[in-house]
Amino acid sequence: MLLVVAVLVFALLRFAPGDPAAIMAGDAATAEQIAQIRAGLGLERPLVVQFGIWLGKVLSGDLGESFYFRIKVATLIGQRLEPTFALAALTILIAVLVSVPLGALAAWRHGGWLDRTLMGFSVLGFSVPVFVLAYLLIWLFSLELGWLPVQGYARIADGLGAFLRHLILPATTLSVIYIALIARVTRAAVLEALGEDYIRTARAKGLPELRVLVRHALANAAVPIATVIGIGIAILIGGVVVTESVYAIPGLGRLTVDAVLARDFPTIQGVILFFSLVYVLVNLLIDLSYVLLDPRIRY
Amino acid sequence: MVLRNGSVRIGGATLLALVLIAIAAPWLGTVDPTLFDAASRDLRPGEMGSISTLDGQTVAHHFRMGSDSYGRDIYSRVLYGTRVSLIVGLACALVALFCGVLLGLIAGYVRRADGLVMRVMDGIMAIPAILIAITVVALWRASLATVIVAIAIPEIPRVARLVRSLVLTIREEPYIEAAVALGTSAPNIMFGHILPNTLAPLLVQGTYICAFAILLEAILSFLGVGLPPDIPTWGNIMAEGRVQFVAYPHNVFFPGVFLALTVLAVNILGDGLRDTLDPKRVDDEHA
């Protein structure tokens, strides 16, 4: 699958109109200078050869040099990794902590006020654009209440307090759509589990309701919940691109937008490959985690 | 009946209102959304100001939603922006459905093509939609057509997968067997016998694509890689307003509210359609 991604990414960018050499050389460049840059970039060779060379390098971890930043793409991605990773991790943490209990409770009191509120919120969560939500939160917490900084990023090395203060708003913004997604699936899965015979048995033998809900219903709903967390990574990556732009966080998402605006082929290729690799790997790990979540599954 | 479903009614009515707004935009007290006046910059909602028409005249104008930093009327831009959003949403859904149905039918019915088509679809699905869209738009220069194609591409695999799975079920039905036995040609079976039986789920899927496309178009414009900034789209208005967000938050809020409302209406309509057309399917998994 990743090979397909590699071919797609390469084709998409190489067949695109717009000459990167001309862009690099600038408006005042002569035809000879442009030709020189083209040769330097290897853009004159047959496409298959270009692809072969490129793939070989990619597999050895060499994503080429950025046209725009003039440093190795791998280094560039490395530099921008921390903010994005921190943002994504905090988002997932918030999303799971909020959505799983809420989804389970909604299923437990199926048709009750919590259930209806949560389902309404969930449709809303899918519909409100990330950046509108981002500005709403900035306006409320940073401008009106003045509790949190408007924009920017602080590294972990600068102290945990500042780090969290800068990250909490973007992570909350980003987690809303994720919460909507996970809560829906949790609710559906727990609802299904609650209809099973073993729940009746558990209740009949006098187990406290909380234990029935957590140990019996939720535990049996774990696989679909894990699956949707994996699928949601794609939404999360898309959200990262927008959120980092709004909150001026110097991460991979911001890098993607900058690279696209600068028509920086190697960086775009590198970022897309990197994000796709992460997506595929996370989902592979989740597939493997089914063994832990459900003892009936064996590979 | 579909119309008796509450979600379909609410979503449909809201959407109908938005369509009417889009069509009637010129007669709702708006001016040409590209007009501006240096004297009317950064007005707050409800203030009076002036606007310069193309033939050089200056007319008084009531800025219901204020003006942006060029002195353009936000109200007019938001109303005209409805047109762009609805067109993009509808067109993306149609393009994605058309390509997805074609690929899905082929993959589901022609065994030899199945492997190749579905591998490519899997590959596209492994790249987050927004990355495909911004890359395509940025590389082919933003126009209405490229934006529509760019947003539709990542949706094609989802449609193709849906159609393929439906085809695999339907092709086992006795009436298909009968058609084969009668010597009906493959294209005839695909389009005449199988396709009509996939329409209900496709309609639901199309609604969700429409909602997603409207959202993504706004995101592209907002990031500065979408339609050119002078075209009034909700994303462009917000992108222009974000610079002065602290002082003039209404530049971001009015288009934001319209955008959220539209997407919400389409999503609610989709949920309602799913519940009425497809009663077998419990809750959701359209992620």
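All of these numbers come straight from a predicted model, not from anything done at the bench.

### A look at the overall build of chain B
Part 1 of the argument: For chain B, the helix and strand inventory stands at 11 helices and 2 strands.
Part 2 of the argument: Tracing chain B from N to C terminus, the helices and strands come up as α-β-β-α-α-α-α-α-α-α-α-α-α.
Part 3 of the argument: Counting across all 287 residues of chain B, residues that qualify as buried make up 50%.
Part 4 of the argument: When contacts within chain B are restricted to residue pairs at least 6 apart in sequence, those whose partners lie at least 24 apart make up 67%.

### Some words on the overall build of chain A
Part 1 of the argument: Looking only at helices and strands, chain A features 13 helices and 0 strands.
Part 2 of the argument: Secondary structure elements of chain A, listed N to C terminal, follow the sequence α-α-α-α-α-α-α-α-α-α-α-α-α.
Part 3 of the argument: Restricting the contact set of chain A to residue pairs at least 6 apart, pairs at least 24 apart contribute 71%.

### Quick look at unusual backbone geometry
Residue and element names in this part refer to chain A.
Part 1 of the argument: Backbone geometry places Ala-248, a non-glycine residue, at a positive phi of 50 degrees.
Part 2 of the argument: Locating Ala-248 in the fold gives a position in the loop between α11 (222–246) and α12 (252–261).
Part 3 of the argument: Ala-248 sits in the partly exposed class, given 13 other C-beta atoms within 10 Å.

### Examining the packing of α11 of chain A against α12 of chain A
When two helices pack together, their arrangement is captured by the angle between the axes and the distance separating the axes.
Residue and element names in this part refer to chain A.
Part 1 of the argument: As a packed pair, α11 and α12 sit with axes 7 Å apart at the nearest point and diverge in direction by 90 degrees. The angle between α11 and α12 falls in the class roughly perpendicular. Residue-level contacts link Val-240, Val-241, Thr-243, Glu-244 and Ser-245 of α11 to Leu-252, Gly-253, Arg-254, Thr-256 and Val-257 of α12.
Part 2 of the argument: Of the residues contributing to the contact of α11 with α12, the split by class is 4 nonpolar, 4 polar and 2 charged.

### Observations concerning the interface of chain A and chain B
By a widespread convention, an interface's size corresponds to the accessible area lost as its parts come together.
Part 1 of the argument: At the junction of the two partners, chain A supplies 42 residues and chain B supplies 39 residues.
Part 2 of the argument: Counting residues per element, the ones that place at least two in the side of chain A that touches chain B are α1 (2–14), α6 (113–127), α7 (130–144), α8 (160–194), α11, α12 and α13 (265–293) of chain A.
Part 3 of the argument: For the side of chain A that touches chain B, the element with the most residues is α11 of chain A, which contributes 8 residues.

### Observations regarding helix α3 (residues 111–125) of chain B
Part 1 of the argument: Across its 15 residues, α3 of chain B extends 21 Å between first and last C-alpha, which sits within 8% of the 21 Å expected from 1.5 Å per residue.
Part 2 of the argument: Those residues of α3 of chain B that sit buried are Met-121, Gly-123 and Met-125 of chain B.

### Quick notes on the packing of helix α10 (residues 234–242) of chain B against helix α11 (residues 250–277) of chain B
Residue and element names in this part refer to chain B.
Part 1 of the argument: In the contact formed by α10 and α11, the axes pass within 8 Å of each other and the chain directions differ by 155 degrees. Judged on the interaxial angle alone, α11 and α10 are roughly antiparallel. Along this stretch, α10 crosses α11, giving a crossing that reads as left-handed. Contact with α10, carried on its side by Trp-234, Ile-237, Met-238, Glu-240, Gly-241 and Arg-242, involves Asn-251, Val-252, Pro-255, Gly-256, Phe-258 and Leu-259 of α11 and no other residues of that element.

### Considerations on the confidence of the model for chain B
Residues and elements named next belong to chain B.
Part 1 of the argument: Taken as a whole, chain B shows an average pLDDT of 79; of its residues, 80% reach a score of 70 or greater.
Part 2 of the argument: Ignoring residues within four places in sequence, the model shows residues 282–287, a span with pLDDT below 50, making 7 contacts including any to other chains.
Part 3 of the argument: Across the interfaces of the predicted complex, the ipTM metric reaches 0.75, alongside a pTM of 0.81.

### Re the environment of Leu-16 of chain B
Part 1 of the argument: In this fold, Leu-16 of chain B is placed in helix α1 (residues 6–24).
Part 2 of the argument: Between the alpha carbons of Leu-16 of chain B and Phe-258 of chain B there is a distance of 14 Å; along the sequence they are 242 residues apart.

### Looking at the confidence of the model for chain A
Note: predicted coordinates in regions of low pLDDT should not be interpreted at a detailed level.
Part 1 of the argument: In this model, chain A carries an average pLDDT of 78, and 89% of its residues clear a pLDDT of 70 or more.
Part 2 of the argument: The weakest mean pLDDT in chain A belongs to helix α2 (residues 20–25) of chain A at 61; the strongest belongs to helix α5 (residues 73–108) of chain A at 85.

### Notes on the environment of Gly-251 of chain A
All names here are of chain A.
Part 1 of the argument: Summarising the element assignment, Gly-251 is placed in the loop between α11 and α12.
Part 2 of the argument: Expressed as a C-alpha distance, the spacing of Gly-251 and Val-48, which sit 203 residues apart in the sequence, is 33 Å.
Part 3 of the argument: In contact with Gly-251, not counting residues within four places along its chain, are Arg-80, Pro-83, Thr-84, Leu-87, Val-240 and Glu-244.

### Thoughts on the environment of Val-120 of chain B
Part 1 of the argument: As for its placement among the helices and strands, Val-120 of chain B is situated in helix α3.
Part 2 of the argument: Taking the C-alpha atoms as reference points, Val-120 of chain B and Ile-194 of chain B, 74 residues apart in sequence, are found 23 Å from one another.

Quick notes on the rules
- Residues numbered from 1 in each chain as written.
- Chains lettered and ligands numbered in written order.
- Predicted model: local features only at pLDDT ≥ 70, side-chain atom pairs only at ≥ 80, totals over all residues.
- Helix = DSSP H or I, 4+ residues; strand = E, 2+ residues; numbered from the N terminus.
- Buried ≥ 20, exposed ≤ 12 C-beta atoms within 10 Å, placed from the backbone.
- Contact = placed C-beta atoms within 7 Å.
- Axes fitted to C-alpha atoms, helices over the stretch in contact; angles between N-to-C directions.
- Parallel < 35°, antiparallel > 145°, perpendicular 65-115°, else oblique.
- Nonpolar A, V, L, I, M, F, W, Y, C, P; charged D, E, K, R; others polar.
- Expected span 1.5 Å × (residues − 1).
- Left-handed = near helix turned anticlockwise from the far one by under 90°.
- pLDDT = per-residue confidence, 0-100.

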